[in-house]
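Fold and contact review
Listed here are the chains, written in short residue letters.
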Amino acid sequence: MSEIQASGTELTSQYIAQITADLERNTKEQERIGGEVEALQEQLRTLQHDHTVLVNMQQALGGASPADEAATKTAVSVPRQAAAEPKRSRSKKTATAGAGKAASKKPAAEASSAKASKAAGKPSLVDLIRNHLKQQNEPTSAAEISSALTQAHPDRTIKTTVVRTTIEGLVAKSHAHRTKQGSSVFYTAATAPQSTEVQPQPETATG
């Protein structure tokens, strides 16, 4: 009986270890995908912000261009089409509504110049991370960067998973470098090529 109990206990321990490992793997995968989603959302917000600033600059320099007028007409025509065909499937309605919202953002962005000027002073997460890396004299981890940026910008929610995903994007574009020390990963700013400036040589008086 003791051998059966021992083997049963060992089997149970193996199951527990396997389940624990699977849970840990599942949690890490959720964090990774969640971080990628948030990073993409941050990139989308940056693009929308840049679009708003560009539109306002265009208006300030010379009014709306024909491209903007065409975009405005498209934004108006999409809701009309959606209203004229109420019998479409739910998936098509969702796609049409999403297109209408995306298109309607352009005239809304043109109208809200005050919001654009306010958002213009708020740097994107990519800029914050790149500037932080440039200020560091030694490699730093994603957690350290997230902590530093959270302290510097308490009004923003900056998660480590998002920071890590964003830095990996910078590494892929050669805007940052990744180094691994044991099981830890550290990042440094990409060193820009030094410009070879010719230093003026002091003139020596020749007798």
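So, here's what we can say about the structure. The structure presented is a predicted model; accordingly, all values stated were derived computationally and were not measured.

Digging into the pairing of strand 1 (residues 176-181)
Pairing of strand 1 with strand 2 (residues 184-189), which is carried by 6 bridges, proceeds in the antiparallel orientation. Within strand 2, the residue paired with His-177 across the bridge is Thr-188. With antiparallel pairing between neighbouring strands as the criterion, strand 1 and strand 2 make up a hairpin whose turn holds 2 residues, including Gly-182 at a positive phi of roughly 70°.

Some words on the nonpolar core
Ile-129, Leu-133, Ile-145, Leu-149, Val-163 and Ile-167 are the most contacted members of the largest nonpolar core, which totals 17 residues. For this core, the secondary structure elements donating two or more residues are helix 5 (125-135), helix 6 (142-152), helix 7 (160-172) and strand 2. A per-element tally of this core places helix 7 first, with 5 residues. Not counting chain neighbours up to four residues away, the residues in contact with Val-163 comprise Ile-129, Ala-142, Ile-145, Ser-146 and Ile-158.

Examining a nonpolar patch on the surface
Together, Leu-11, Tyr-15, Ile-19 and Leu-23 line one region of the surface with nonpolar side chains, adding up to about 430 Å² of accessible area. Relative to the elements of secondary structure, Tyr-15 occurs in helix 1 (residues 2-62).

Criteria and cut-off values
Residues numbered from 1 in each chain as written. Predicted model: local features only at pLDDT ≥ 70, side-chain atom pairs only at ≥ 80, totals over all residues. Heavy atoms only, no water. Pairing = 2+ DSSP bridges. Helix = DSSP H or I, 4+ residues; strand = E, 2+ residues; numbered from the N terminus. Core = buried A, V, L, I, M, F, W, Y, C linked by side-chain atoms within 4.5 Å. Buried < 20%, exposed > 50% of the residue type's maximum accessible area, 1.4 Å probe, protein only. Contact = heavy atoms within 4.5 Å. Patch = residues over 30% accessible without salt bridge, like charges linked within 9 Å, V, L, I, M, F, W, Y side chains within 5 Å. Areas by Shrake-Rupley, 256 points an atom, 1.4 Å probe, with all protein chains shown as cover. Salt bridge = Lys/Arg side-chain N within 4 Å of Asp/Glu carboxyl O.

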